[in-house]
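Spelled out from the first residue to the last, the chains are:
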Amino acid sequence: MKIIILSKKYGNCRSINLGIWSGALLSVCLACLIGVPVAAYVTYLKLVSDSKNHLLEPEIRQVWAERLQEQEILIEQARQQAESKLAALTLRVAELQTRLVRIDALGERLTTMAKLDNGEFDFSQPPALGGPEQEISGDSFSPPDFSHAIEELAQQIENRQHQLETLEALLANRKLENDVFIAGRPITKGWMSSRYGRRTDPFTGRIAWHSGVDFAGKEGSDIIAVAAGVVVWSGERSGYGHMVEINHGKGFSTRYAHNKENLVKVGDVVKKGQIIARMGTSGRSTGHHVHFEVYKNGRAVDPSSYIHRASR
Ligand SMILES: [Zn+2]
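As the structure is a prediction and not an experimental result, all values here were calculated from the model.

A. Geometry of the coordination of the zinc ion. Within the protein, the zinc ion binds to His210 (NE2), Asp214 (OD) and His291 (ND1); these donor distances fall in the range 1.9 to 2.2 Å. Counting the intervening residues between successive donors of the zinc ion yields the motif H-x3-D-x76-H. Pair noted here: His210 is in strand β5 (residues 207-210) and His291 is in strand β14 (residues 289-296), with a separation of 81 residues, a long-range link. On the accessibility criterion, His210 (3% relative accessible area) is buried. A residue is classified by how much of its surface remains accessible, and His291, at 7% relative accessible area, is buried.

B. Representation of the pairing of β5. Where strand β4 (residues 197-200) lies against β5, four bridges are found, and the strand directions are antiparallel. From the neighbouring strand, Thr200 faces β5, where its bridge partner is Ile207. The turn linking β4 back onto β5 is made up of six residues, and Gly205 within it adopts a positive phi angle of 80°.

C. The arrangement of the environment of Thr281 in detail. Inspection of the secondary structure assignment puts Thr281 in the loop between β13 (275-278) and β14. Distance from Thr281 to Gly220, taken between C-alpha atoms, is 9.8 Å for residues 61 residues apart in sequence. If sequence neighbours within four positions are ignored, Thr281 has contacts with His258, Thr286, Gly287 and His288. Side-chain polar atoms of Thr281 contact the backbone oxygen of Gly287, separated by 3.1 Å.

D. Geometry of the sheet that holds β13. The three strands are arranged β7-β13-β11 in an open sheet whose pairing can be described as antiparallel. The strands lining the two open edges of the sheet, one partner per strand, are β7 (222-224) and β11 (261-262). Of the strand pairs in this sheet, β7 and β13 are connected by three bridges, and their pairing is antiparallel. Each bridged residue has a counterpart across the sheet, and for Ile224 the counterpart in β13 is Ile275.

E. Summary view of a nonpolar patch on the surface. On the surface, a nonpolar cluster with roughly 500 Å² of combined accessible area is contributed by Leu30, Leu33, Ile34, Val38 and Val42. You can see Ile34 is positioned in helix α1 (residues 20-55).

F. Local environment of the pairing of strand β10 (residues 252-259). With eight of eight residues buried, β10 is to be regarded as a mostly interior element. Remark: two residues form the turn of the hairpin made by strand β9 (residues 241-249) and β10, two consecutive strands paired antiparallel; Lys250 in that turn has positive phi of roughly 55°.

G. Structural detail: the pattern of salt bridges. Tallied over the full model, the rule gives ten salt bridges. A salt bridge links Arg92 to Glu95; the shortest N-O distance between them is 3.2 Å. Placement of both Arg92 and Glu95 in helix α2 (residues 58-113) is noted, with a separation of three residues, approximately one turn of the helix. Ionic pairing is found between Lys265 and Asp268, a salt bridge with its closest N-O pair at 3.4 Å. Each of the salt bridges in this network shares a partner with another, and the network as a whole consists of Glu76, Arg79 and Glu83.

What counts and how
Residues numbered from 1 in each chain as written. Predicted model: local features only at pLDDT ≥ 70, side-chain atom pairs only at ≥ 80, totals over all residues. Heavy atoms only, no water. Donors = N, O, S within 2.8 Å, 3.2 Å for Na, K, Ca; no water. Helix = DSSP H or I, 4+ residues; strand = E, 2+ residues; numbered from the N terminus. Buried < 20%, exposed > 50% of the residue type's maximum accessible area, 1.4 Å probe, protein only. Pairing = 2+ DSSP bridges. Contact = heavy atoms within 4.5 Å. Polar contact = N/O pair within 3.5 Å; in protein donor to acceptor, adjacent residues only side chain to side chain. Patch = residues over 30% accessible without salt bridge, like charges linked within 9 Å, V, L, I, M, F, W, Y side chains within 5 Å. Areas by Shrake-Rupley, 256 points an atom, 1.4 Å probe, with all protein chains shown as cover. Salt bridge = Lys/Arg side-chain N within 4 Å of Asp/Glu carboxyl O.

Written out as C-alpha cells, the structure is:
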C-alpha cells in the first residue's frame, strides 16, 4: 500500500509505502472514524421515529376514541336526565298553580258566605303566574326563572294558607257565639205548663215567686241544652231534685230541674241541642216536667224572651 501526501506549503509531494499490515490497520481506523457516527445517527433517527409511532399506534387511538365516545354518551344521558327532571318540575309547578287557583276560589266562596268585609281578604287577587294552561316547554324555562317561579308560588300558597287560617278562626268564633247564644226550648216534645213570675204555689196554695218556666211532658222524654256550655252542676239540689246547671259564658247559665236522670257530669262540655237529662218529677214537683231557669250575672231572669227568640 502506498500513501501519497501533498504539501501545500512546499508544493511538493511525498509518498509513503506501507506494508500489508500497516495498510490494513489504517483502513480499519478510517472505517471506524466514519462508520461509528453514521451508525449512531441512524440509531438516533430510528429511536425518534419509533417514539413518534408509539404515540400514534392504532390500538391506542382506538382506546382513546372509545373513551371519548363513552364520555359523550354520559354527557348526553346527564342532559336527558336534567331535561326530564325539569319537565317533571314544570308539571309540578303547573299542578301547584291549579291548586292555588282552587284555594283562591274556595277562599272567595268562604269570604262571601261569612259576609266578611270587603278588603279583609284578597282572594280575588289573581295569581301572578297565570293558570295551568300555560304552555309547558322545557326550553322556555331557564333555571333562574324556574326557581324564581317556584319561590313565588310557595310564597303565594303560604299567604293563602295564612288567610284561610284567619278565616277559619273567625268563622269558628262566630259559630261559637251562635252556639252559646241561648235560644229555644229545653225540650223536643212537651208543652209549657207554668210561666215565670208570681203564681200560686202548688204545695202551699199561697202566692209565690216562680223563678223559671215549666215544660211538662212524658216521663223520660229528652231534656236538651238550649246553648253550648260547660256543666257546672249535675246532681241533687234542695227543691230542684236531680238538676243540671250549664254555664254558657258571658255571665249566662241555665238550670234544668226535677229530672228523672242526668246524662252529663260536672266538667262536661255540651253542645247546643245535646240531650243532657231525662224528664222526671224528682224534688219539689207535682208531675213530670222540667223546671227551666235562665241566670244572667247570677240573677234569675224570665226565660221566655230567650225561649222565643230565634237562633242566630
Ligand atoms: Zn218550675
